[in-house]
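# Results of the structural survey
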Amino acid sequence: MPITFNVYVDTLGDGSFSGVSDDITAYALKTDLKIGFAKPYDPIARDSTAIITLNNTSKIFSPESGSALSGLKPMTLLKITSLYSATTRIMYLGWINPDGGIKPVAGTDESQRVTIDCIGFFGKAINVEASIPVQQSKTADQVLDAILSASVVYPPGFIGWFLGVPGYSELGVSTWLRIVTDYLIAEVGKTTFNYVGDRWGTGVSVLGAIRDTVGREFGRFYSDRSSILTFVNRHHLLVNTVSAASFSNTMHGLVYSYSDKIINKVTVKANPRKVGASPETLGRLDIATSIPPSGSVIVTFNYSDLTSSGEKLGGKNAIAPVQTTDFTANTAANGSGVDKTASVTTAITTENATRCAVTFTNADAVEVWIQAGAVIRGTAIRDFGNIEFTHQDTVSQGLYRGVSAYVYPYEMDNQTDIDNIARYLVGLWSTPRGRVDSMLLKGEESASLLTQMATRTLLDRITITETQTGISSDHFIISEHWVVDGGEKYAVTWGLEPADAYTYWNLGVVGYSELGVSTF
């Protein structure tokens, strides 16, 4: 029994794929989809993408044609499913790329086809700004919850409520009050961060904030086949010791490497902070700002260190500007008119780690100006530079290529973490080892192999044996690359990383805890 693949577009825009024209499988000529990590040990996955080539003889996939399929537009939801052994599985869920994602081939004498490119959550999250207050004494899962709760980007298939947008805000009709746990599965992080967010600055994206958080945990973050966001902490793979499936000389292709990376000196950094003991000036308004009669204006104060260098500053517990103490108001921009400070009230609109938006409301019947020099006060969080820990394997340096150094790109929070991670990375890379980088499986094999192709997915542990290379070890699946040609020929390439890199002493687990035999 082969695997059957189907392709759908959400022409109704409601995530149901119930429109009469939503099933476009009959037009599908080739499907190419990718999910998972770009390379081994990456903390965050690449974007989930798909490229679908369709027969466009009828011109229904040409958006400006009179025959165009209704609802086919940028950011339309697209779904790919598989059916095998009476089980239907979502293989991909994404949006049509807003940047030229629909590409009909022009001309009547050419192959009348169209290519549709799709993006996933990461492709959208890179263009959405993260805005959260300073996170203090929080674990990675709690920070991820805060980032996603405050953002306006959802994974494909999860529609949120957007005030004032037709189709997304009608009470009782199209309101979707989402909570993060609807689309995020997160293990509890192993590190409690001292501070998160105070160094991100203006313009950091949701993707950048997630990457920094996961990197500091030394965990992993990805979007699964059905676009559910998944975070696993740094112990997840260490304790996953059971292989889900075995493959012995049954693969069509195997990319194997031996000793392709030797690193024997690793530096990991930490970044201490100093928190102010009492409120101080965090930001200042440098130009006069007008407030209309009986109106309001929102002023954003970007935090900076005004006492010394003017560098970016983190802050928390902002205080709404106080009349006369923090601001004055006048009927003239240059302050030469009538003082109207008593007519202006303030309220904090939003506060995040590096800036604060304040609403100034004018109760007077004339235009007034907030004078230059108005300030926002609160608790300052100052960056006191990096401390570093370096661990090296001098035996490896002597035996192989001398010193081969690596600096971990994410800053940790405490001495224990930076010490342990530096030692772990040296242990991982300082000794030559063989690994399978990828494995190709095709659909014309046995039923048991088809079952594994359909069911095995990201971070599953598998055992690989191949006679020619001599490899016989466990690996984790870190990516899936499916190519479906005409619906009948299909193959999957799994990106892999060695599981033996995660072999540690695991109390009570047979094979990982026998004193003097399998203790690592």
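These lines cover the structure that appears in this document, whether it is placed above or below.

Here is what the cut-offs are and how they apply
- Residues numbered from 1 in each chain as written.
- Predicted model: local features only at pLDDT ≥ 70, side-chain atom pairs only at ≥ 80, totals over all residues.
- Heavy atoms only, no water.
- Helix = DSSP H or I, 4+ residues; strand = E, 2+ residues; numbered from the N terminus.
- Buried < 20%, exposed > 50% of the residue type's maximum accessible area, 1.4 Å probe, protein only.
- Contact = heavy atoms within 4.5 Å.
- Areas by Shrake-Rupley, 256 points an atom, 1.4 Å probe, with all protein chains shown as cover.
- Lys, Arg positive; Asp, Glu negative; His and termini not counted.
- Charge placed at Lys NZ, Arg CZ, Asp CG, Glu CD.
- Axes fitted to C-alpha atoms, helices over the stretch in contact; angles between N-to-C directions.
- Parallel < 35°, antiparallel > 145°, perpendicular 65-115°, else oblique.
- Nonpolar A, V, L, I, M, F, W, Y, C, P; charged D, E, K, R; others polar.
- Salt bridge = Lys/Arg side-chain N within 4 Å of Asp/Glu carboxyl O.
- Phe/Tyr/Trp six-rings, centres within 6.5 Å; stacked < 30°, edge-to-face > 60°.
- Lys NZ or Arg CZ within 6 Å of the ring centre and 35° of its normal.
- Core = buried A, V, L, I, M, F, W, Y, C linked by side-chain atoms within 4.5 Å.
- Pairing = 2+ DSSP bridges.
- Expected span 1.5 Å × (residues − 1).

Let us look at the overall build of the protein chain. Check the secondary structure of the protein chain and you find 6 helices and 31 strands. Projected onto the principal axes, the alpha-carbon positions of the protein chain cover approximately 90 × 70 × 40 Å. With 520 residues in all, the protein chain has 49% of them scored as buried. Taking all contacts inside the protein chain whose residues are at least 6 apart in sequence as the whole, residues at least 24 apart take part in 71%. A total of about 23600 Å² of accessible surface is found on the protein chain, and carbon and sulfur atoms cover 52% of it. Of the side-chain charges in the protein chain, 40 are positive and 51 negative, and the distance between the mean point of each set is 3 Å.

With that out of the way, let us pick up the packing of helix α2 (residues 140–150) against helix α3 (residues 206–217). A pair of packed helices can be characterised by two numbers: the angle between their axes and the separation between those axes. Relative orientation of the contacting elements α2 and α3 amounts to 175°, with a least axis distance of 10 Å. Classified by the angle between their axes, α2 and α3 sit roughly antiparallel to one another. On α3, the residues that touch A140, V143, L144, I147 and L148 of α2 are V206, A209, I210, T213, V214 and E217. Among the residues making up the contact of α2 with α3, the classes are represented as 9 nonpolar, 1 polar and 1 charged.

Counted under the stated rule, the structure contains 21 salt bridges. Among the ionic pairs, R225 bridges to E480, the shortest N-O distance being 2.8 Å. In this pair, R225 is assigned in the loop between β11 (220–223) and β12 (229–232) and E480 in strand β30 (residues 471–485), connecting sequence segments 255 residues apart. Taking the relative accessible area as the measure of exposure, R225 reaches 9% and is therefore buried. Here R377 and D326 are joined by a salt bridge, their closest N and O atoms 2.8 Å apart. Note that R377 is positioned in strand β25 (residues 375–383) and D326 in the loop between β20 (314–319) and β21 (329–330), a separation of 51 residues in sequence. When its relative accessible area of 4% is taken as the criterion, D326 is described as buried. Via salt bridges that share partners, E217, R234 and D417 belong to a single interconnected network.

To continue, consider the packing of aromatic side chains. Going through the model one piece at a time under the given rule, you end up with 16 aromatic pairs. Ring geometry for Y41 versus W429: centroids 6.2 Å apart, planes at 75°, classification edge-to-face. Residue Y41 is located in the loop between β2 (28–36) and β3 (49–55), and its partner W429 is located in helix α5 (residues 415–429); the two are separated by 388 residues in the primary sequence. Accessibility classification places Y41 together with W429 in one group, the buried group. Through a chain of ring-to-ring contacts, the aromatic side chains of F218, Y408, Y410 and Y424 assemble into a single cluster. Across the ring face of W95, the terminal group of K124 is positioned such that the distance to the ring centre comes to 4.9 Å. A cation sits over an aromatic face here: K261 above W429, 4.7 Å from the ring centre.

Okay, unusual backbone geometry next. One non-glycine residue, F218, adopts positive backbone phi at about 65°. The residue F218 is located in the loop between α3 and β11 in this model. At N317, a residue that is not glycine, the phi angle is positive and equals roughly 55°. Relative to the elements of secondary structure, N317 occurs in strand β20.

Nonpolar side chains in soluble globular proteins generally cluster together in the buried interior. Ranked by size, the top nonpolar core spans 87 residues in total, and within it I210 and F221 carry the most contacts. Discounting chain neighbours no more than four positions away, the residues touching F221 are F37, P43, I44, A45, F122, L144, L184, I210, V214, L229, T230 and F231. Core analysis: the second largest hydrophobic core is formed by 20 residues, A318, A329, V344 and I370 among them.

This part takes up the sheet that holds strand β26 (residues 387–392). Spatially, 3 strands are ordered β26-β15-β27 in an open sheet, and the strand pairing comes out mixed. The sheet terminates laterally at β26 and β27 (405–412), the two strands that pair on one side only. Within this sheet the neighbouring strands show an average axis-to-axis angle of 20°, counted without direction. As paired strands, strand β15 (residues 265–270) and β26 are joined by 6 bridges and run antiparallel to one another. By the bridge assignment, K265 is partnered in β26 with Q392.

So, on to α5. The end-to-end C-alpha distance of α5, which contains 15 residues, comes to 22 Å, matching closely the 21 Å that a straight helix rising 1.5 Å per residue would cover. Residues of α5 that are buried: D417, I418, D419, I421, A422, Y424, L425, V426, L428 and W429. Its buried side turned inward, α5 meets β15, β26 and β27.

Hydrogen bonds along the backbone pair up the strands of a sheet, which may run parallel or antiparallel. Pairing is antiparallel in the open sheet, where 3 strands are placed in the order β19-β23-β22. Of all the strands in the sheet, just β19 (296–302) and β22 (344–351) have a single pairing partner and so form its edges. Neighbour-to-neighbour, the strand axes of the sheet open up by a mean angle of 25°, direction not taken into account. Inspection of the sheet shows β22 paired to strand β23 (residues 355–362) by 7 bridges, in the antiparallel sense. Each bridged residue has a counterpart across the sheet, and for A347 the counterpart in β23 is T359.

Pairing geometry for β2 and β3, over 6 bridges, is antiparallel. In the sheet register, D32 faces β3, and the bridge partner there is I51. Two strands pair when backbone bridges link them, and β2 and β30 are joined in this way by 7 bridges, in the antiparallel orientation. Looking across to β30, one finds that K30 is bridged to D485.

Of all 10 residues in strand β31 (residues 489–498), 8 are buried; the element is thus mostly enclosed. By the bridge criterion, 5 bridges tie strand β28 (residues 434–442) to β31 in an arrangement that is antiparallel. By the bridge assignment, M439 is partnered in β31 with W494. Pairing analysis gives 10 bridges linking β30 to β31, with the strands arranged antiparallel. Bridged to S479 within β31 is G495.

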